[in-house]
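# Structure at a glance
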Amino acid sequence: MESWDRIGIALAPSLAWEGNYIAEPSVFEDTSGWRMWYRGGWTTPGVGHATADSPEGPWTKTGDPLLTGYFCPQVRKIDSTYHLFAVQSNWQSIDHYTSSDGLAWTLAQSGAVTTGTSGQWDHSALGNCYPWQDTDGNWYLYYEAGNWGTGPCWVIGVVTAPSVNGPWTKQGQVLGDANFFNAGGPCVSRLNGDLFMWFHGAYPSGLPTDICLAYGRTPLQWSAISRPSLYRLGVDEGQGMALGQVADPEVTTGGYVFYDTCADGQNNTSPGYIKAAKFSCPTGSYLGRFSYTAPVSGWSNPSRETWYVLKDGMVLLNYFVGGLSNASTATLTLPIPVAPGYTARSSCAMVIDNGVTGQDGGANASGTTLTFYRNSLWNGWSPGGQKVVQGQITYPI
C-alpha cells in the first residue's frame, strides 16, 4: 500500500487527437484481457481505449476517441453492461453512459452529479470521479471538486445511491483540508475488510502533487496519512519541480497502480504519460488490521485503527490514533503485536496529522509496548482540538 516497484510508462501520447497529453486511467481485467480507458488531449479532451494481455503491457490503443468533450473517465462492468462516468469539458457535470462492449456508448444520465450553488464546497468545478460499490450493495461516487475562493483548491466529496443508475444524493466533502490543499483523483478499495483511498495531494498549494493514502472508518469518514504513498521520481514526474505531478491513481487487482504524470501539471508544456507500478508486498502477505487498547492520558473518546503488511523483508506496522484533548501534555502507549517469525523492533516514529514529526518527546520501543511522551503543546493545535497520531514501526529480520 505504501511501497511500489515502478514498472514505467504504460501508455504515452502517440495519436493526433491526444496531442502531447494522456492521463486519468481507468483499468480492470475483463473477460478478454486487460482494458484501459483514459483521457487524451488537454484543451479538447476525449476518452480513449487500450487493451493488453497483462497489466504490465504492452498496451494497444483502439484509435479514435470513443467520446469527445469529456475527461476523467471511469468504467465499471456490471453483469454484461459497462457503465462510464466522465466529466464534461466545461467542468460542471459528471455524466453517466452505458455500453454493451465498452466501446460504443449511449448517454444514460446527463448531470448525474453537478456543481453546487455559490459558496458550497463543490461550486467551482468537478474533476476525477470514482464509482464504487461497498459490500452492503450501496454505491458511492467519490469525486473531486474545486471550491476556489472558499477553501482548499480541490477537495474530495461523495454522492451515494442504491444503484449504479442512481438517484445520487450528495453527502458532502470527505477529504481535503489545510493538510492537503489539493486533494483529488480518488480511488477506493477494501482490503481484508479495511477501507482505503488513494488520492493525489499537495500542500501548501495546488501543485506539485504526490499520491497519498487515506484510511476510512466508514465510506463517509476518512483520515489521510500525512506521508505520500508514491512520490514524484525523475524529470518527467517533476521531481523537485514546482508544478510536477504524479496523480489520479487507479489501483487494480494483483496489486498494480496506474497513474498519470507530468512535469508541468498546470500549463501542459510537458508531455503527460500514464505509468504503472506494483505493490512490493508479495501476494498473500498482507496480514490485516488488528484492534488494540491505547491508553491516552488526557484524551477523551480516542479512536484506534492500525494494520501491518510485509515489506521488503520487514513487517511494517502502521498505526492511527485520534481523539480529543484539553491537556498540554499527553502520553500514548501502544501495545506492539508480535508478528509471526519476528521479534526485534526498530525505527519508531510519531507524526502529528499536520505533518510535523514529534521532536519534543521520546519513544521507547523496548519490550512489547511503544510509548510516546508529549511534553509540550501539540504542534499546530490548540488545546481541545482534534489530535491524530500516526507512524510506523519496522520489524527487521
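Small disclaimer: the values here were computed from a predicted structure and weren't measured.

## As for the environment of leucine 195
- On the secondary structure map, leucine 195 appears in strand β16 (residues 194-202).
- On the basis of relative accessible area, leucine 195 is assigned to the buried category, the value being 1%.
- Considering only alpha carbons, one finds leucine 195 and alanine 214, 19 residues apart in sequence, at a separation of 8.6 Å.
- In this view, leucine 195 contacts Trp132, Val188, Ser189, Arg190, Ala214, Tyr215, Gly216, Thr218, Pro219 and Trp222; residues no more than four positions away in its chain are not counted.

## Looking at the pattern of salt bridges
- What the rule picks out here adds up to 10 salt bridges.
- Here arginine 39 ties to glutamate 24 by a salt bridge, and the two come within 3.0 Å at their closest N and O atoms. Note that arginine 39 is positioned in strand β3 (residues 33-40) and glutamate 24 in strand β2 (residues 22-30), a separation of 15 residues in sequence. Taken individually, arginine 39 and glutamate 24 each receive the classification buried, so the pair is uniform in this respect.

## Section: the sheet that holds strand β9 (residues 93-99)
- If you walk across this open sheet you meet the 4 strands as β7-β8-β9-β10, and the pairing is antiparallel. Looking at which strands have only one partner, the edges of the open sheet turn out to be β7 (70-78) and β10 (106-114). Direction aside, neighbouring strands of the sheet carry axes that sit 20° apart on average.
- As paired elements, β7 and strand β8 (residues 81-88) share 7 bridges and run antiparallel to each other. For valine 75, the partnering residue across the bridge sits in β8 and is leucine 84.

## Details of the sheet that holds strand β21 (residues 272-279)
- With antiparallel pairing, the 4 strands of this open sheet are ordered in space as β1-β21-β20-β19. Looking at the sheet topology across the chains shown, the edges are occupied by β1 (4-11) and β19 (245-252). Strand-to-strand twist in this sheet, taken as the mean axis angle between neighbours without regard to direction, amounts to 25°.
- By the bridge criterion, 6 bridges tie β19 to strand β20 (residues 256-262) in an arrangement that is antiparallel.

## Overview of the packing of aromatic side chains
- This structure, assessed with the given rule, holds 14 aromatic pairs.
- Centroid distance tyrosine 142 to tryptophan 222: 6.1 Å. Interplanar angle 85°. Geometry classified as edge-to-face. Of this pair, tyrosine 142 sits in strand β12 (residues 139-146) while tryptophan 222 sits in strand β18 (residues 221-230), and the two are 80 residues apart along the sequence.
- Look at tryptophan 222 and you get buried, because its relative accessible area is 9%.
- Note that arginine 76 overlies the ring of tyrosine 130, its terminal NZ or CZ placed 4.4 Å from the centroid.

## Comments concerning the side chain of glutamine 88
- Along the chain, glutamine 88 turns up in strand β8.
- A polar side-chain atom of glutamine 88 sits 2.7 Å from a polar atom in the side chain of aspartate 95.
- Once residues within four sequence positions are removed from consideration, glutamine 88 is found in contact with Gly69, Tyr70, Phe71, Ser93, Asp95 and Ser110.

## So, the nonpolar core
- One finds Tyr142, Leu175, Phe199 and Trp222 to be the most contacted residues of the largest nonpolar core, which totals 32 residues.
- Aside from chain neighbours lying at most four places away, what touches leucine 175 is Val155, Ile156, Ala183, Met197, Phe199, Ala214, Trp222 and Ala224.
- Judged by nonpolar contacts, the second largest core, of 19 residues, contains Phe85, Ile94, Ala112 and Ala145.

## With respect to the confidence of the model for the chain
- Scored by pLDDT, the chain has a mean of 76; 66% of the residues are at 70 or more.
- Scored below 50 in pLDDT, residues 281-397 makes 282 contacts in the model with residues more than four places away or belonging to other chains.

## A closer look at unusual backbone geometry
- In this chain, glycine 57 is followed by proline 58 through a cis amide linkage whose omega measures 5°.
- Relative to the helices and strands, proline 58 is located in the loop between β4 (46-52) and β5 (60-61).
- Cis geometry marks the peptide bond from glycine 166 to proline 167; its omega dihedral reads 0°.
- Assignment of secondary structure puts proline 167 in the loop between β13 (154-161) and β14 (169-175).
- One non-glycine residue, aspartate 79, lies in positive phi territory at about 55°.
- Along the chain, the position of aspartate 79 falls in the loop between β7 and β8.
- Given the relative accessible area of 73%, aspartate 79 is considered exposed.
- The phi angle at aspartate 248 is positive, at roughly 55°, despite the residue not being glycine.
- Here aspartate 248 is to be found in strand β19.

## With respect to the pairing of strand β11 (residues 125-133)
- Of all the 9 residues making up β11, 8 are buried; the element is thus mostly covered by neighbouring parts of the structure.
- Relative to β12, β11 is paired through 7 bridges, and the arrangement is antiparallel. Note on β12: the bridge partner recorded for tryptophan 132 is tyrosine 140.
- Linking two consecutive strands that pair antiparallel, namely β11 and β12, is a turn of 5 residues; a positive phi of about 95° is found at glycine 137 within it.

## Points about the environment of glycine 238
- With respect to the helices, strands and loops of the structure, glycine 238 is situated in the loop between β18 and β19.
- Sequence separation of glycine 238 and aspartate 264 is 26 residues, and the distance between their C-alpha atoms is 7.0 Å.
- What glycine 238 contacts, discounting residues up to four positions off in sequence, is Arg232, Gly244, Cys262 and Ala263.

The rules behind these values
- Residues numbered from 1 in each chain as written.
- Predicted model: local features only at pLDDT ≥ 70, side-chain atom pairs only at ≥ 80, totals over all residues.
- Heavy atoms only, no water.
- Helix = DSSP H or I, 4+ residues; strand = E, 2+ residues; numbered from the N terminus.
- Buried < 20%, exposed > 50% of the residue type's maximum accessible area, 1.4 Å probe, protein only.
- Contact = heavy atoms within 4.5 Å.
- Salt bridge = Lys/Arg side-chain N within 4 Å of Asp/Glu carboxyl O.
- Pairing = 2+ DSSP bridges.
- Axes fitted to C-alpha atoms, helices over the stretch in contact; angles between N-to-C directions.
- Phe/Tyr/Trp six-rings, centres within 6.5 Å; stacked < 30°, edge-to-face > 60°.
- Lys NZ or Arg CZ within 6 Å of the ring centre and 35° of its normal.
- Polar contact = N/O pair within 3.5 Å; in protein donor to acceptor, adjacent residues only side chain to side chain.
- Core = buried A, V, L, I, M, F, W, Y, C linked by side-chain atoms within 4.5 Å.
- pLDDT = per-residue confidence, 0-100.

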